[in-house]
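# Results of the structural survey
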Amino acid sequence: MSRGRMGAAVLVAAPPERVFAVLTDWPRHHEWMLLTTARSSGPDRVEAFTGVGPLGFLDTMTITRWEPPGLVRVRHTGRLVRGEGVFRIRPYGGGSRVIWAEDLDLPLGAVGRLLWPLARPFADAMARLSLRRLARLVE
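The following refers to the structure shown.

Enumeration over the complete set of coordinates arrives at eight salt bridges. A salt bridge links Glu47 to Arg39, with the shortest nitrogen-to-oxygen separation between them at 2.8 Å. When its relative accessible area of 46% is taken as the criterion, Arg39 is described as partly exposed. With its nearest N and O atoms 3.8 Å apart, the salt bridge here joins Arg75 to Glu84. Among the residues examined, Glu84 registers a relative accessible area of 27% and is labelled partly exposed. A network of salt bridges, in which partner residues are shared, links Arg3, Arg5, Asp103 and Asp105.

Below, the structure written as structure tokens:
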């Protein structure tokens, strides 16, 4: 299986503790993450639905590292989305630098590998836009 990497970063005028608190408040994800609602589904599990109305997909995740206020790492375990994701929050000036990176198993075999170069810029742009929304929310 091939891997697809994507990610984004943003500077936030808020301390890491505040950013981490909002970023990991799963029910608030809809406030900043585009087209996504999320909820805790256990002590180390999160479920996120990305889509519009009934059209979309469920992304199930297991939290594999939890280091407040600087790191959350997840393993995507869903049918469509599989792989690893990480949010890193580092002090930067008087605020924070937030990095979101994903290392995903590409679905659909050769078709997925062929389409990823076209999909990646869109995925990166959606992540950048979501992080900018997070920054506005916590500032």
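The structure having been displayed, the exposition proceeds.
By secondary structure assignment, the location of Trp66 is in strand S4 (residues 55-67). When the C-alpha atoms of Trp66 and Thr36 are compared, they prove to be 21 Å apart, with 30 residues separating the residues in sequence. The contact partners of Trp66, leaving out residues within four places of it in the chain, are Phe20, Thr24, Trp26, Leu71 and Val72.

What follows is about the nonpolar core. Val12, Val19, Val98, Leu131 and Leu134 are the most contacted members of the largest nonpolar core, which has 31 residues in total. Counting residues per element, the ones that place at least two in this core are strand S1 (3-12), helix H1 (16-23), strand S3 (45-52), S4, strand S5 (71-77), strand S6 (82-92), strand S7 (95-105) and helix H2 (109-138). Among the elements that line this core, the one with the most residues is H2, at seven residues. Leaving out residues up to four positions away in the same chain, Val12 has contacts with Val19, Gly95, Ser96, Val98, Ala135, Val138 and Glu139.

Rules used throughout
- Residues numbered from 1 in each chain as written.
- Predicted model: local features only at pLDDT ≥ 70, side-chain atom pairs only at ≥ 80, totals over all residues.
- Heavy atoms only, no water.
- Salt bridge = Lys/Arg side-chain N within 4 Å of Asp/Glu carboxyl O.
- Buried < 20%, exposed > 50% of the residue type's maximum accessible area, 1.4 Å probe, protein only.
- Helix = DSSP H or I, 4+ residues; strand = E, 2+ residues; numbered from the N terminus.
- Contact = heavy atoms within 4.5 Å.
- Core = buried A, V, L, I, M, F, W, Y, C linked by side-chain atoms within 4.5 Å.

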